[in-house]
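# A look at the structure
Listed below, chain by chain, are the residues.
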Amino acid sequence: MITIFLFFTVVLLVNTLVFVGLVKGVEDSVFLTPPVLTISVMFVLSVSVIGLALRVISKQNTVKLKTLRDNATSVVAQNDLVDVVADQPDEVALIGDVLSGMVMRIEKIQQKLKVSQKVLRQVYTRAKIGSFACNIHENKCVLTAESAYLFDVDLNTDFTFDYLLEIALPGDRHALEHEIRFLQEPEQVVQFDFRVLVQGEVKYLSASAELCVDAPSVLVMVQDVTESLVAQQAKDDALLAANNANTLVSRFLANMSHEIRTPLNGVIGLTGLVLSTELTAEKKGYLESSEASAKALLKILNDILDYSKIDAGRMSMDEISFSVDRVLQNLQALFLAPSQQSGVALSVSVADDGPDLVVGDPGRLGQVLSNLLGNALKFTEQGSVHVMTKVLQISQSDVEIEFAVQDTGVGIALEKQSSIFDAFNQADLSVTRKYSGTGLGLAISRRLVELMGGHMWLESEEGVGSTFYFSVSFLRQAKKEAPVPLQVLAEADMRARVAGKHILVVEDKATNR
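Residues numbered from 1 in each chain as written. Predicted model: local features only at pLDDT ≥ 70, side-chain atom pairs only at ≥ 80, totals over all residues. Heavy atoms only, no water.

### Regarding the side chain of N135
Threshold: Starting at the N terminus, helices and strands are each numbered in turn, a helix being any DSSP run of H or I of at least four residues and a strand any DSSP run of E of at least two. Here a polar contact is recorded for every N or O atom pair within 3.5 Å, except that within protein the pair must consist of a potential hydrogen donor and a potential acceptor, and residues adjacent in sequence are included only if both atoms are side-chain atoms. By definition in these notes, contact holds between two residues if any of their heavy atoms fall within 4.5 Å.
Note on placement: N135 falls in strand 1 (residues 129-135). A distance of 3.1 Å separates a polar side-chain atom of N135 from the backbone nitrogen of H137. A distance of 3.2 Å separates a polar atom in the side chain of N135 from the backbone nitrogen of E138. Each residue touching N135, except ones within four places of it in the same chain, is listed here: K140, P216 and S217.

Here it is, written out as structure tokens:
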């Protein structure tokens, strides 16, 4: 274009000069003088240089603008980008520098997005989470790769809402359709579960649904929870089987209570009868050892059978009138001889502000106090054991009484106090432990107190002693003469009550008569 422009310029200039010369008709025309010719030639050359410079600048800017156009197209198409190189300090080059920086930042953002997408896809795949957008009106669902895998369909296959309802189990179809079809609130998220039948296998899916932003579709997130549900069900079944087996054992032991106790009571009774006859010292010693062993075995059996009854839920509480003072007096009389033999002082103190009569189970109350007092004497080699009561609160209808058994024995280490009430547990579990026992006494005592509506706790310091507390609420009984249960009466008291009366004893086993 520049060449053509210069050519026509020269031709035009020559033609103009020739035309002027012809018009003037003189050879010395001022238009053909050297100054005029020089100026004309310089003018032509200047115009040519300017045209050439404009051509070069135009070509450079065209290349840069074309590069910017290509980059913009690449950004839209998400292809690789080409930087604009600025070799001239002009405005176009400055724009190129700015856009090149933007291109670099966009590339970095795209890389981060790709990494995030890979991580998120891996998380969804491992967690078996998929999603799909469902347009109810058009009966179309757009699946992600994860949801396509869950439903075992090809990603490019048309997946309709009707097909989703078709593979759902019949019992879940109505709820599934209702949750998705009638979702109307923009920010409402509904949670629901449903099952689908895929390739003959039932899958349990947990889902959440919400309306898509600016779109007439529902976004549904689904997670396959089949494995976790199956594992939980297996765990529940195993736990149920173990509980059933434990209950059967407890029921068996509870039902065998009479059959186990009867022959053992016969051994103890017959041994007592033989001891009442004339015996040599050696034979008497043997029989006394046998009697003590039988009584110890009976106590162990009683503990096991009582615990099995409690564990099986077959332990019942009596509701009769009794005197708390009388229960404590009988308890003191029962343990007075053992305490004197061991050289331990035994004392009992009863609160003065307590009621005369209450309604409850005196036998179980005495059993709890007997267990605690027996342990206190067993673990106290010297010092004292003190049993006391305190009225916590009292009204016209009921009273809450706190019982405490305090000793100066070996005490219990702090780290073992939290488990001391567990079944078959003792503070000393070593093989060479000094004190014998099954470890059921405290467990039974705590369970009995809980059955009476109370609670039990302890305070102890190793090497100093222990204090076991429990509190129970009783209904108050009006002040009147009430029958005293036989199980809380001492032997002398019992003889006085039945003196001069005829007693009929019915027993089918000869060993018990």
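### A closer look at the sheet that holds strand 4 (residues 201-211)
Heads up, the rule is: Note on pairing: two strands pair once DSSP finds at least 2 bridges between them. Lines are fitted to the C-alpha atoms to define the axes, a helix being fitted only along its stretch in contact, and any angle between axes, read from their N-to-C directions, falls within 0 to 180 degrees.
Spatially, five strands are ordered 2-1-5-4-3 in an open sheet, and the strand pairing comes out antiparallel. The open sheet terminates on both sides in strands that have one partner only, identified here as strand 2 (140-143) and strand 3 (190-198). Neighbour-to-neighbour, the strand axes of this sheet turn through a mean angle of 30°, independent of strand direction. Strand direction decides the pairing type here: strand 4 and strand 5 (residues 218-224), joined by seven bridges, are antiparallel. Considered in strand 5, the bridge of L211 is made with V218.

### Section: the pattern of salt bridges
Here is the rule we go by: By definition, a salt bridge exists where a carboxyl oxygen of Asp or Glu is found within 4 Å of a side-chain nitrogen of Lys or Arg. A simple rule labels every residue: compare its accessible area, found with a 1.4 Å probe on the protein chains alone, to the largest value its type can have, and call it buried under 20%, exposed over 50%, or partly exposed in between.
Scanning the model with the defined rule gives five salt bridges in all. We note a salt bridge from R181 to E177, for which the minimum N-O separation is 3.0 Å. One end of the pair is R181 and the other is E177, both in helix 6 (residues 170-181) and four residues apart, which spans about a single turn. Residue classification places R181 among the partly exposed residues on the basis of a relative accessible area of 35%. Since its relative accessible area comes to 27%, E177 is described here as partly exposed.

### Thoughts on helix 13 (residues 441-451)
Residue pairs three or four apart in sequence face the same way in an α-helix, which turns once every 3.6 residues. Here helix 13 has its buried residues at G441, L442, A443, I444, S445, L448 and V449. Those residues of helix 13 hidden inside the fold are in contact with helix 9 (281-311), helix 11 (362-378), strand 11 (455-461) and strand 12 (465-476).

### Observations concerning the packing of aromatic side chains
Put simply, the rule is: Aromatic contacts are taken between Phe, Tyr and Trp rings whose centres are within 6.5 Å, Trp giving its six-membered ring; a plane angle under 30 degrees counts as stacked, one over 60 as edge-to-face, and the others as tilted.
If you walk through the whole model with that rule in mind, you get eight aromatic pairs. Ring centres 5.4 Å apart and planes at 85° place the aromatic pair F159 and Y163 in the edge-to-face group. For F159, a relative accessible area of 4% puts it in the buried group. Members of the aromatic cluster, connected to one another through ring pairs, are F132, F151, F159 and Y163.

### Concerning the packing of helix 9 against helix 13
To be explicit about the condition: Throughout this description, any angle smaller than 35 degrees is read as roughly parallel, any larger than 145 degrees as roughly antiparallel, any in the 65 to 115 degree range as roughly perpendicular, and the remainder as oblique. Definitions for this section: a left-handed crossing has its near helix turned counterclockwise from the far helix by less than a right angle. A right-handed crossing has that turn clockwise. The classification used treats Ala, Val, Leu, Ile, Met, Phe, Trp, Tyr, Cys and Pro as nonpolar, Asp, Glu, Lys and Arg as charged, and all other residues, Gly among them, as polar.
Relative to each other, helix 9 and helix 13 sit at 40°, their axes nearing to 10 Å. The pairing of helix 9 with helix 13 is recorded here as oblique in orientation. Handedness of the crossing formed by helix 9 with helix 13: left-handed. Residue-level inspection shows D303, D306, Y307, I310 and D311 of helix 9 in contact with helix 13, the latter providing A443, I444, R447, L448 and L451. Across the contact of helix 9 with helix 13, the residue classes break down as six nonpolar, no polar and four charged.

### Focus on the nonpolar core
Note the threshold: Take the buried residues of types Ala, Val, Leu, Ile, Met, Phe, Trp, Tyr and Cys, join any two whose side-chain atoms come within 4.5 Å, and each joined set is a nonpolar core.
Residues L369, F470 and F474 are the most contacted members of the largest nonpolar core, which totals 42 residues. The biggest single contributor to this core is helix 11, with seven residues. Dropping the residues within four chain positions of it, F474 is found in contact with F322, V358, V359, G360, L365, S397, D398, V399, I401 and F403. Core analysis: the second largest hydrophobic core is formed by 28 residues, A148, L164, I167 and V220 among them.

### Observations regarding the pairing of strand 10 (residues 398-407)
A large share of strand 10 lies buried, amounting to eight of its ten residues. In the sheet, strand 9 (residues 384-394) pairs with strand 10 via nine bridges, with the strands oriented antiparallel. Directly across from T389, in strand 10, lies its bridge partner F403. Between strand 9 and strand 10, which pair antiparallel one after the other, the connecting turn spans three residues. Sheet topology places strand 10 next to strand 12; ten bridges connect them, and they run antiparallel. Paired with I401 across the bridge in strand 12 is V472.

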